[in-house]
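Descriptive analysis of the structure
Letter by letter, the chains look like this.
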Amino acid sequence: MALDSTGTFGVGVQRNRMAEGKLSDHELVDATRGGDESAFNEIMSRYRNPLTNYLYRFLNDYEEAVDLAQETFVRVYFALDRYHTQYAFSTYIYRIATNLAISEIRRRKRRKLLSLTGLFQGEDDSDVEFQPTDGKMLADEELVEDERSRTIAKAIAALPEKYRVPVILRDVEGKSYDEVAEIMELGLGTTKSRISRGRALLKEKLQNYL
Amino acid sequence: MVNEHNNLPETEHIEVGRLIGTLGRVQAPKDFDFQVRARIAIGKPQEKRASWFPATVRFAAPLGLLLAVGGYVGYNSVYSTDVASVPVVAYAPAEPGSPVNNPVAQDQPVVNTEVIADQTLAEAKPETTPDRILKTGQKTPAVTEPKNEKPGGGSYDTAATDSKKINAPDIDDLAPAPKRVLISAKDFLSSIGVSASSTGTGGRIQSVGGSAAAVGIMVGDVIESISVQTRTIRVTRDGKSLAFSIR
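Overview of the structure. (Residues numbered from 1 in each chain as written. Chains lettered and ligands numbered in written order. Predicted model: local features only at pLDDT ≥ 70, side-chain atom pairs only at ≥ 80, totals over all residues. Heavy atoms only, no water.)

**Quick look at the interface of chain B and chain A**
- The interface is formed by 36 residues belonging to chain B together with 47 residues belonging to chain A.
- Regarding the contact of chain B and chain A, the summed buried area is about 3800 Å², with carbon and sulfur atoms giving 59% of it.
- On the chain B side of the contact with chain A, B:L19, B:V26 and B:R39 bury the most area, a combined 17% of that side's loss.
- Counting every contact that joins chain B to chain A gives five salt bridges.
- For the salt bridge of A:E71 with B:R39, the shortest nitrogen-to-oxygen distance reads 3.0 Å. (Contact = heavy atoms within 4.5 Å. Buried area = accessible area lost by both parts, 1.4 Å probe. Salt bridge = Lys/Arg side-chain N within 4 Å of Asp/Glu carboxyl O.)

**Topic: the pattern of salt bridges**
- Counted under the stated rule, the structure contains 15 salt bridges over all chains.
- Here A:R33 and A:D30 are joined by a salt bridge, their closest N and O atoms 3.3 Å apart. Remark: A:D30 and A:R33 occur in helix α2 (residues 25–33); sequence separation between them is three residues, near one turn of the helix.
- Residue A:R33 is classed as partly exposed on the basis of its relative accessible area of 34%.
- Between A:D67 and B:R39 there is a salt bridge, with its nearest N and O atoms 2.1 Å apart. (Helix = DSSP H or I, 4+ residues; strand = E, 2+ residues; numbered from the N terminus. Buried < 20%, exposed > 50% of the residue type's maximum accessible area, 1.4 Å probe, protein only.)

**Brief notes about the pairing of strand β7 (residues 232–237) of chain B**
All names here are of chain B.
- With respect to burial, β7 is a largely interior element, five of its six residues being buried.
- Sheet topology places β7 next to strand β8 (residues 240–245); six bridges connect them, and they run antiparallel. Its bridge partner being in β8, R234 is matched across the sheet by A243.
- In this structure, the hairpin formed by β7 and β8 is closed by a connection of two residues, where D238 is found at a positive phi of approximately 55°. (Pairing = 2+ DSSP bridges.)

The structure is reproduced here in C-alpha cells:
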C-alpha cells in the first residue's frame with residue numbers, strides 16, 4: 001500500500017469512502033480520534049438536521065434547539081475518547097441531546113423565566129411555528145396546514161417529558177422501538193407503554209384532526 | 001387489534017403517529033458547522049451551573065438568622081447585669097425594737113421572715129409581712145407602690161426607673177420621717193464579706209470573709225434566700241439547706 005500525502009497508510013482511501021458516504025459512524029469516530037477533522041464534519045452533516053428537528057419538537061423553540069444541537073456536537077467531540085462502540089453512534093448522540101434538552105426544560109421550570117417566545121404568540125396563545133421564509137404568499141390550504149402543524153407541535157410540547165421523548169423519537173424521527181428504548185435506557189415494554197400513553201394523550205388533544 | 005398497553009385500538013395509534021409524522025422538518029442553519037467549530041475552538045464546555053445568587057441566599061439567609069439569634073443570646077448571657085440570682089432588696093426600718101436591732105428577734109425562726117429568691121414580687125405579698133419586707137426580682141420591672149388613695153393616683157413609672165431604691169410604704173405623712181435603711185442584696189452580701197455569682201437558680205458563693213466566714217458560710221455554697229431584716233442567709237450545701245444568722 002502506498003503512502004498518501006500525509007504519510008499515513010489508508011487515509012486517502014478512507015477519504016474517498018467518506019466522500020462517497022460509505023464510512024460508518026464508528027469509522028468516522030475513529031477517524032476523528034485519529035485527528036481527521038473532516039470526519040467530524042461528516043458526522044455533523046449526518047446528524048445536524050435530525051438533531052435540530054428532534055430538539056425543536058422537544059423544546060418548541062428553534063433558537064434553543066439549534067443551540068442545544070451545537071452543544072451536543074461539542075460534547076460529543078470532547079467525549080469521543082470515552083465513546084464505546086458497543087452502542088450505535090446515533091443512540092449515543094441522541095441520548096446526549098435528550099439529556100441536554102431535559103436539563104434545559106428543568107432549568108426553565110426552576111427559574112420560571114419569562115419566555116421571549118410569548119412576545120410572538122398570537123391572541124389565541126398559540127406558538128409561532130418556525131417556517132423558513134421562501135418569499136411567496138401562503139395559499140389558503142397552506143394556512144390550514146400551518147394551523148394544524150402549530151396545534152400538533154403545541155400538543156407535543158405539552159406532553160410530559162417521559163412521554164414526549166419516546167413519541168418524538170418514534171413518530172417524528174422514525175426510530176424503531178428498540179432504538180428508542182436504547183436512547184431512553186428503558187426496557188422495550190416500558191418504552192412501548194410510554195409511546196402508547198403519549199399517543200393517547202395526543203389523541204385527546206388532536207381529536208379534530210383525526 | 002387492540003393496543004395492549006392502554007386498550008386503544010391500534011389503528012388509532014397509527015393514525016396519531018401518522019398525524020405527528022406530517023409535521024414539517026426544520027433544518028439546521030447554514031452556519032451550524034461553523035458555530036460548532038467555534039465552540040470547539042473555545043474549549044471544553046463547562047457544566048452549566050445555576051447562578052451563585054440563589055444558592056447564596058439559600059444558605060446565607062438561615063445562617064444570618066442563626067448568627068443574629070445566637071449573637072443576641074450570647075450577648076445577653078455574657079453581659080448580663082446580674083450579680084447573683086438573689087433578687088432581694090429589703091427595706092428595714094431602723095426603729096427601736098425592730099428585729100434588725102433586736103437580738104431577741106434574731107433568734108426567731110428564720111422561716112417566717114426569709115424571702116425566697118426565685119419568688120416573684122406578687123408571690124412575696126409584702127403587704128402581709130409584719131415588717132414590711134419588700135423585694136424585687138431581677139426580672140421584676142418594678143417594686144410595688146403603696147396604694148395611693150388620693151385622687152389622681154400615682155404612677156408605677158417611678159418605681160420602674162429605679163428598682164433598688166424603695167420608698168418606705170405606709171408612712172404617716174404627719175409623723176417624723178423614720179430613719180430609713182436601704183439595703184440591696186448585693187450590699188448586704190458585701191457587708192458580711194460574701195461575693196457570689198449567678199448560677200441561674202441562686203448565687204454561688206465565690207469568696208467568704210468577715211462575719212460570714214465566722215458563722216460557717218463556705219465557698220461553693222449556693223444562696224437560697226436572704227433575710228436582711230433578720231440578717232439571716234440560707235444556703236444549699238451538698239444538697240442540704242442550711243440557715244446562718246449573721247451577727
